[in-house]
Amino acid sequence: MTKIEAIVRPAMLDAVKTALDDLGLHGVTVSHVMGSGKQRGRTQHYRGQEYVINLLDKIKIETVVPDEIVDSVMNSIADAAGTGEIGDGKIFVYKVDNAMRIRTKETGEAAIL
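A brief look at the structure comes next. (Residues numbered from 1 in each chain as written. Predicted model: local features only at pLDDT ≥ 70, side-chain atom pairs only at ≥ 80, totals over all residues. Heavy atoms only, no water.)

**Thoughts on the nonpolar core**
Piece 1. Counting 17 residues, the largest nonpolar core has Val 16, Leu 20, Ile 61, Val 73 and Ile 77 as the members making the most contacts within it.
Piece 2. Breaking this core down by element, the ones donating at least two residues are β1 (2–8), α1 (13–22), β5 (56–65) and α2 (70–81).
Piece 3. Counting residues per element, this core draws most heavily on α2, which supplies five residues.
Piece 4. Ignoring anything within four residues of it in the chain, the contact list for Val 73 reads Ile 4, Leu 20, Leu 23, Leu 25 and Val 65. (Core = buried A, V, L, I, M, F, W, Y, C linked by side-chain atoms within 4.5 Å. Buried < 20%, exposed > 50% of the residue type's maximum accessible area, 1.4 Å probe, protein only. Helix = DSSP H or I, 4+ residues; strand = E, 2+ residues; numbered from the N terminus. Contact = heavy atoms within 4.5 Å.)

**Details of α2**
Piece 1. Spanning twelve residues, α2 covers 16 Å between terminal C-alpha atoms, matching the ideal 16 Å at 1.5 Å per step.
Piece 2. Here α2 has its buried residues at Val 70, Val 73, Ser 76, Ile 77, Ala 80 and Ala 81. Buried residues of α2, viewed axially, fall in a sector of 135 degrees; they line one side. Exposed residues pointing more than 90 degrees away from the buried face of α2 are listed as Asp 71 and Asp 79.
Piece 3. Looking at the buried side of α2, the elements it contacts are β1, α1, β5 and β6 (89–95). (Expected span 1.5 Å × (residues − 1). Arc of directions from axis to C-beta.)

**A closer look at the environment of Ile 91**
Piece 1. Take Ile 91: it is sitting in strand β6.
Piece 2. Exposure remark for Ile 91: the relative accessible area of 26% places this residue in the partly exposed category.
Piece 3. When the C-alpha positions of Ile 91 and Ala 81 are compared, they lie 11 Å apart, and in sequence the two are ten residues distant.
Piece 4. The residues touching Ile 91, leaving out its near neighbours within four places in the chain, are Ile 4, Glu 5, Ala 6, Met 74, Ile 77 and Ala 78.

**Remarks on the layout of surface pockets**
Piece 1. Volume-wise, the largest pocket comes out at about 320 Å³.
Piece 2. Along the walls of the largest pocket sit 17 residues, with Ser 36, Gly 37, Gly 87, Gly 89 and Lys 90 positioned nearest its centre.
Piece 3. When residues of the lining of the largest pocket are traced back to their parent elements, those giving at least two are β2 (29–35), β5 and β6.
Piece 4. The volume enclosed by the second largest pocket comes to roughly 220 Å³. (1 Å grid on protein atoms, 1.4 Å probe; cavity = no way out; pocket = protein on both sides within 12 Å on 5 of 7 lines; lining within 4 Å. Points joined across faces, edges and corners; volume = space filled by probe spheres on them.)

**Regarding the pairing of β1**
Piece 1. A large share of β1 lies buried, amounting to six of its seven residues.
Piece 2. Where β1 lies against β6, seven bridges are found, and the strand directions are antiparallel. In the strand pairing of β6, Glu 5 is matched with Phe 92. (Pairing = 2+ DSSP bridges.)

**Re the environment of Val 93**
Piece 1. Residue placement: Val 93 occurs in strand β6.
Piece 2. Residues in contact with Val 93, not counting those within four places in the same chain, are Thr 2, Lys 3, Val 70 and Met 74.

**A word on the sheet that holds β2**
Piece 1. On the basis of which strands lie adjacent, the open sheet formed by four strands has the order β2-β5-β1-β6 and antiparallel pairing. Looking along the sheet, the strands with just one partner apiece sit at the ends: β2 and β6. Averaged over all pairs of adjacent strands, the angle between strand axes in this sheet comes to 20 degrees, irrespective of strand direction.
Piece 2. α2 contacts β1, β5 and β6 of the sheet and is inclined by roughly 10 degrees relative to β1. (Axes fitted to C-alpha atoms, helices over the stretch in contact; angles between N-to-C directions.)

Here you go:
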């Protein structure tokens with residue numbers, strides 16, 4: 001099993017959720033996060049003063065999938081969230097040793113499907 005974390009622009013959430021639904025993935029966690037990368041924030045003006053905002057709003061989408069579909073999930077997320085601009089986001093992949101569905105105490109891949 002593999003955990004996939006995607007940090008994307010807030011406007012891309014619906015497109016990514018649709019792409020994951022098209023793959024048959026329904027178990028996702030979505031969090032509002034803030035961060036910075038190469039984009040380095042943005043400059044805003046308020047009442048004649050210039051402010052640099054270096055932490056931008058992002059969305060973190062997390063899911064755990066069987067190892068066989070990791071590449072297709074990553075490509076689907078990248079296709080749905082990509083604009084070609086700096087700040088599109090990142091995808092991180094982690095190995096998961098085990099999982100348990102609390103209600104039934106199923107473990108392994110049975111717990112994530």
